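The chain contents come next:
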Amino acid sequence: MAIREPILKPVPIAELRPTQMTVGYREVEEKRRRWREHDAGERAAFLGAHMIPTLLGPKKRHYVIDHHNLGRALQLEGVETVLVTVVADLHKLDKDAFWTVCDHRAWAHPYDAQGVRAGFRDIPKAVSNLADDPYRSLAGELRRAGGFAKDTTPFSEFLWADFLRRRVKAKRIETDFSAALEEAMALAKSPEAGYLPGWCGPVT
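In this report, the structure presented in the accompanying data block is examined. This is a predicted model, so every value here is computed, not measured.

## Quick notes on unusual backbone geometry
Reasoning step 1: Despite not being glycine, Lys59 shows a phi value in the positive range, around 60°.
Reasoning step 2: Relative to the elements of secondary structure, Lys59 occurs in the loop between strand E3 (52-56) and strand E4 (62-64).
Reasoning step 3: Located in the positive-phi region is His67, a residue other than glycine, with phi close to 65°.
Reasoning step 4: Position of His67 relative to the elements: it lies in the loop between E4 and helix H3 (68-76).
Reasoning step 5: For His67, a relative accessible area of 32% corresponds to the partly exposed category.

## Considerations on the nonpolar core
Reasoning step 1: Residues Leu138, Leu142, Trp160, Leu164 and Val168 are the most contacted members of the largest nonpolar core, which totals 19 residues.
Reasoning step 2: At the level of secondary structure, the elements contributing two or more residues to this core comprise helix H5 (134-144), helix H6 (156-165) and helix H8 (177-188).
Reasoning step 3: If one sorts the elements of this core by residue count, H8 sits on top with 6 residues.
Reasoning step 4: Those residues in contact with Leu138 that lie beyond four places of it in its chain are Leu164, Val168, Ile173, Phe177, Ala180, Leu181 and Ala184.
Reasoning step 5: Core analysis: the next-biggest nonpolar cluster, separate from the first, contains 16 residues, Leu16, Val82, Val84 and Leu130 among them.

## Re the environment of Thr81
Reasoning step 1: Considering the arrangement of structural elements, one finds Thr81 in strand E5 (residues 81-89).
Reasoning step 2: Through-space distance from the C-alpha of Thr81 to that of Phe158 is 26 Å; in sequence the pair is 77 residues apart.
Reasoning step 3: Aside from chain neighbours lying at most four places away, what touches Thr81 is Val11, Pro12 and Ile13.

## Concerning the pattern of salt bridges
Reasoning step 1: Applying the stated criterion across every chain, the model contains 18 salt bridges.
Reasoning step 2: Across the pair Arg143 and Glu157 runs a salt bridge, and its minimum N-O distance is 2.4 Å. Here Arg143, found in helix H5, pairs with Glu157, found in helix H6; they are 14 residues apart in sequence, far enough to count as distant.
Reasoning step 3: Two residues, Arg172 and Glu183, come together in a salt bridge whose shortest N-O distance is 3.0 Å. With Arg172 in helix H7 (residues 170-175) and Glu183 in helix H8, this pair connects stretches of sequence that are 11 residues apart.

## Focus on the packing of H5 against H6
Angle between the axes and distance between the axes: these two values describe a pair of packed helices.
Reasoning step 1: Viewed as axis vectors pointing N to C, H5 and H6 meet at an angle of 110°, and their least axial separation amounts to 8 Å. Taken as axis vectors, H5 and H6 run roughly perpendicular relative to one another. Crossing angle aside, the handedness with which H5 passes H6 is right-handed. The residues of H6 that touch H5, namely those facing Tyr135, Arg136, Leu138, Ala139, Gly140, Leu142 and Arg143, are Glu157, Phe158, Trp160, Ala161, Leu164 and Arg165.

## Examining the packing of aromatic side chains
Reasoning step 1: Scanning all chains against the criterion turns up 9 aromatic pairs.
Reasoning step 2: Aromatic side chains Trp160 and Phe163 sit 5.9 Å apart centroid to centroid with 80° between the ring planes, which places their arrangement in the edge-to-face category. Of this pair, Trp160 and Phe163 both sit in helix H6, separated by 3 residues, roughly a single helical turn. Comparing Trp160 with Phe163 shows no difference in burial state: the two are buried.
Reasoning step 3: Clustering of aromatic rings is evident, with ring pairs tying together Tyr63, Phe98, Trp99 and Phe120.
Reasoning step 4: Across the ring face of Phe177, the terminal group of Arg26 is positioned such that the distance to the ring centre comes to 3.6 Å.

About the thresholds
- Residues numbered from 1 in each chain as written.
- Predicted model: local features only at pLDDT ≥ 70, side-chain atom pairs only at ≥ 80, totals over all residues.
- Heavy atoms only, no water.
- Helix = DSSP H or I, 4+ residues; strand = E, 2+ residues; numbered from the N terminus.
- Buried < 20%, exposed > 50% of the residue type's maximum accessible area, 1.4 Å probe, protein only.
- Core = buried A, V, L, I, M, F, W, Y, C linked by side-chain atoms within 4.5 Å.
- Contact = heavy atoms within 4.5 Å.
- Salt bridge = Lys/Arg side-chain N within 4 Å of Asp/Glu carboxyl O.
- Axes fitted to C-alpha atoms, helices over the stretch in contact; angles between N-to-C directions.
- Parallel < 35°, antiparallel > 145°, perpendicular 65-115°, else oblique.
- Left-handed = near helix turned anticlockwise from the far one by under 90°.
- Phe/Tyr/Trp six-rings, centres within 6.5 Å; stacked < 30°, edge-to-face > 60°.
- Lys NZ or Arg CZ within 6 Å of the ring centre and 35° of its normal.

Taken by themselves, the reported measurements are silent on function.
Okay, structure coming up:
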């Protein structure tokens, strides 16, 4: 099969369609902070190096399949458009067929802020409507702290979030994030996390 060159196109963030239901608000704020540290030239270079991968879906709408946190952060910082790279053109499919393909290709993650699977119709129609999942923020911070390695497994940080959701109390994340991260780090090195993508615990 011939490898196609990516199609690059500036698209308004407000027109991007999510393929997941949540982001980590704490992680969004961290990305906003880093964005503000860049000058104008660095921001242009950053946007060129961080293109948003999308699917061209029904009605030729762009469906985001990665970097939802970044898209929301940039939107909150007043960035109106981003470059996207179209991974697959599925615009000829009807909506039900489109979501079936997304499901089988691991291009969608219809799980709510409690980690419960919902219907595809429940996925927000705009990046601005993504809900907060504090465990997604905890998983993102855990990866940055070296708790697990970045992995190509789709939605790998959500798998870690689900693992942590069953073990770390939500109240701890809310009241003492550092303590929650310390607890998450210990859990990440345990054998019970060995099935997760990017696990780098001790091998016995």
